[in-house]
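Fold and contact review
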Amino acid sequence: MRSLRPPPVPTAPSTARPSPIVRIAAAAAPLRQQVVSAVRDAVAEGRYLPGERLVERELCELMGVSRTCLREALRELENDGIVTSVPNRGVVVSTIGLRDAREIYEMRAMLEGLLAERFARLASSAHLAALEQAVETLAEAYDSGSGLLDAKRAFYEALMGGADHDLAASMLRSIQLRASQLRNMTLSDPDRARHSIAEIRQLLKAVKKRDPIAAQAAAHRHVQNAGALALRLLERAAPQAASGG
């Protein structure tokens, strides 16, 4: 079996090398959905890399699930663009090119801007308190380098809850699934975490002032800055991939 990688985090990497994916335990959520979440999180955290083949036998053994269950989960992940079926090779982690990345960040900026603008106008005091707590939890996750994926999800769920726009929220969740490996790549930059939380605090400041225009601008700025970094990193990686190094 191949060597297993730890997920990259903004802090110094651990010497331990855990399994790239967790074993599935009995829980209330349907088994297939647990498998979908486990594989999706492994990809989002960089434990499986773009273009890497996902070996069914290994995944079944690591998670303790049947091939039927795994294949159903992989089909759902393929529909979401997380993995791709390649003839004569099997299922691999999807690779995002420059054009795809530009489109992803353009859509994210529009959707997050809309949600931030609506949050500033419509959110209740309870929604605002939930967003404040989510921002603090996210800041702690940035500082510690652990729990970042869950903290990011909680922040966006709080934002979407107060914005009260089901279609925009659904579209953003779908876009964020595609953007997960790009987010992981940008967070590997030593300065991005610091800038990211500062930008999110500016968004929070705007919504607390009930300023929709400033909130929308802060959301746009946050996504555009992340996108600019991701595109630079992709452009830098492209010649290396072409040369084989």
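Check the entry above for the structure.
This write-up is about the structure you can find in this document. (Residues numbered from 1 in each chain as written. Predicted model: local features only at pLDDT ≥ 70, side-chain atom pairs only at ≥ 80, totals over all residues. Heavy atoms only, no water.)

Overall, the coordinates contain one aromatic pair when judged by the stated rule. With centroids separated by 5.0 Å and ring planes inclined at 70 degrees, the aromatic side chains of Phe 155 and Tyr 156 adopt a geometry described as edge-to-face. Relative accessible area serves as the criterion here: at 1%, Phe 155 is assigned to the buried category. (Phe/Tyr/Trp six-rings, centres within 6.5 Å; stacked < 30°, edge-to-face > 60°. Buried < 20%, exposed > 50% of the residue type's maximum accessible area, 1.4 Å probe, protein only.)

Right, let's talk about the pairing of strand β1 (residues 83-86) for a bit. The pairing of β1 with strand β2 (residues 90-93) spans four bridges and is classified as antiparallel. Note that in β2 the partner of Val 86 across the bridge is Gly 90. Counted along the chain from β1 to the antiparallel partner β2, the turn is three residues long, and its residue Asn 88 has a positive phi close to 65 degrees. (Pairing = 2+ DSSP bridges. Helix = DSSP H or I, 4+ residues; strand = E, 2+ residues; numbered from the N terminus.)

With that out of the way, let us pick up the packing of helix α6 (residues 148-163) against helix α7 (residues 166-187). The geometry of α6 relative to α7 is characterised by a closest axis approach of 12 Å and an angle of 150 degrees between their N-to-C directions. The pairing of α6 with α7 is recorded here as roughly antiparallel in orientation. As for how α6 packs across α7, the hand of that crossing is right-handed. Facing α6, whose interface residues are Leu 148, Lys 152, Tyr 156, Glu 157 and Met 160, α7 presents Ala 169, Leu 172, Arg 173, Gln 176, Arg 183 and Leu 187. Tallied by class, residues from the contact of α6 with α7 come to six nonpolar, one polar and four charged. (Axes fitted to C-alpha atoms, helices over the stretch in contact; angles between N-to-C directions. Parallel < 35°, antiparallel > 145°, perpendicular 65-115°, else oblique. Left-handed = near helix turned anticlockwise from the far one by under 90°. Contact = heavy atoms within 4.5 Å. Nonpolar A, V, L, I, M, F, W, Y, C, P; charged D, E, K, R; others polar.)

This next bit is on the environment of Ala 158. The topology assignment puts Ala 158 in helix α6. Distance in space between the C-alpha atoms of Ala 158 and Ala 129 is 9.3 Å, their sequence separation being 29 residues. Ala 158 has contacts with Phe 119, Ala 130, Leu 131 and Ala 134, leaving out every residue within four places of it along the chain.

Viewed as axis vectors pointing N to C, helix α4 (residues 98-122) and α6 meet at an angle of 60 degrees, and their least axial separation amounts to 7 Å. Taken together, α4 and α6 sit at an angle that is classed as oblique. The interaxial crossing formed by α4 with α6 has left-handed handedness. Contacts between α4 and α6 involve Arg 108, Glu 112, Leu 115, Ala 116, Arg 118, Phe 119 and Leu 122 from the former and Tyr 156, Ala 158, Leu 159, Met 160, Gly 162 and Ala 163 from the latter. Residues that form the contact of α4 with α6 fall into these classes: nine nonpolar, one polar and three charged.

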